[in-house]
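Given next are the chains, with one letter for each unit.
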Amino acid sequence: MVVVRTERTEDCESVRRVNELAFGQPNEADLVDALRANAHPYISLVATVDDKVIGHIFFSPVTVESEEAAFTAMGLAPMAVLPTHQNQGVGSRLVREGLKECHRLGHDIVVVLGHPNFYPRFGFVPANSKGLRCEYDVPDEVFMVTELKPEALAGRQGLVKYHPAFGE
């Protein structure tokens, strides 16, 4: 049975391993370490089976800037599941639980750079349809946003800027 819970200090090495194996490189694991140390507040959840970490999701603050104002939202990145447990609903559970936790903590807007066939099932839509642009040059269909409170983006727009750790 899969259990989703808040990451604990003792999970850090397992989280690193999950990200390295899921992505086939250390970049995302390094990003998680950097965000954990420097981005606040953050939300870090793990999926476990028999107390072994099999999946991980991370949310950190992003800034949305326009000529009129700036505001903070949350960015979902990265999300990783061990290859042996992919396509079994673990990632979906992590996203659902992560969005619930974001909402519970008062974060009403979440952006993601991700697969356009996966994230819309959780309410994500192309961010440009809501007046948001990404600081990175990415196709419109992979930069998405969801409003966890109706009309959270009403009258707001701008350029989404991620934590500097994403650029390293």
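See the structure printed just above.
In this text the structure is predicted, and so the values were computed from the model without any measurement. (Residues numbered from 1 in each chain as written. Predicted model: local features only at pLDDT ≥ 70, side-chain atom pairs only at ≥ 80, totals over all residues. Heavy atoms only, no water.)

## Describing the nonpolar core
Stage number 1. L76 and Y119 are the most contacted members of the largest nonpolar core, which totals 37 residues.
Stage number 2. Elements supplying a minimum of two residues to this core: α1 (12-23), α2 (27-38), β2 (43-49), β3 (52-65), β4 (70-81), α3 (90-104) and β5 (109-113).
Stage number 3. Look past the residues within four positions of L76 in its chain and what remains in contact with it is I57, F58, F59, V95, V110, V111, V112, Y119 and F124.
Stage number 4. By size, the runner-up hydrophobic cluster in this structure holds 15 residues, among which are A127, F143, A152 and V160. (Core = buried A, V, L, I, M, F, W, Y, C linked by side-chain atoms within 4.5 Å. Buried < 20%, exposed > 50% of the residue type's maximum accessible area, 1.4 Å probe, protein only. Helix = DSSP H or I, 4+ residues; strand = E, 2+ residues; numbered from the N terminus. Contact = heavy atoms within 4.5 Å.)

## As for α3
Stage number 1. Between its first and last C-alpha, α3 extends 21 Å over 15 residues, near the 21 Å set by a 1.5 Å rise per residue.
Stage number 2. Those residues of α3 that fall on the buried side of the exposure criterion are V90, G91, S92, L94, V95, G98, L99, E101 and C102.
Stage number 3. Packing partners of the buried residues in α3 comprise β1 (2-6), β2, β3, β4, β5 and β8 (143-147). (Expected span 1.5 Å × (residues − 1).)

## Description of the packing of α1 against α2
Stage number 1. Two elements in contact, α1 and α2, have axes separated by 8 Å at closest approach and are oriented at 145°. On α2, the residues touching C12, V15, R16, N19, E20 and F23 of α1 are E28, A29, D30, V32, D33 and R36. (Axes fitted to C-alpha atoms, helices over the stretch in contact; angles between N-to-C directions.)

## Here's the deal with the environment of I57
Stage number 1. Looking at where I57 falls in the secondary structure, it is placed in strand β3.
Stage number 2. When the C-alpha atoms of I57 and L45 are compared, they prove to be 5.4 Å apart, with 12 residues separating the residues in sequence.
Stage number 3. Ignoring sequence-local partners within four residues, the contact set of I57 consists of I43, S44, L45, L76, P78, M79, L94 and V95.

## Let's talk about unusual backbone geometry
Stage number 1. Cis geometry is found at the peptide bond from H40 to P41, where omega equals 0°.
Stage number 2. Tracing the backbone through its elements, the reader meets P41 in the loop between α2 and β2.
Stage number 3. Going from A77 to P78, the amide bond is cis rather than trans, its omega being -10°.
Stage number 4. Counting through the fold element by element, P78 comes out in strand β4.

## What to know about the packing of aromatic side chains
Stage number 1. Taken as a whole, this structure holds seven aromatic pairs when the rule is applied.
Stage number 2. Put simply, the rings of F118, Y119, F122 and F124 pair up and form one aromatic cluster.
Stage number 3. The residue whose ring lies beneath R156 is F71, and the NZ or CZ to ring-centre distance is 4.1 Å. (Phe/Tyr/Trp six-rings, centres within 6.5 Å; stacked < 30°, edge-to-face > 60°. Lys NZ or Arg CZ within 6 Å of the ring centre and 35° of its normal.)

## Concerning the environment of A127
Stage number 1. Mapped onto the elements, A127 comes out in the loop between β6 (125-126) and β7 (132-134).
Stage number 2. For the pair formed by A127 and D140, sequence separation is 13 residues and the distance between their alpha carbons is 7.4 Å.

## Side note on α2
Stage number 1. With 12 residues, α2 should reach 16 Å at 1.5 Å per residue; the first-to-last C-alpha distance of 16 Å fits that figure.
Stage number 2. Listed in full, the buried residues belonging to α2 are E28, A29, L31, V32, A34, L35 and R36.
Stage number 3. Its buried side turned inward, α2 meets α1, β3 and β4.

It is worth stressing that arrangement in space is one thing and function is another; only the former is reported here.
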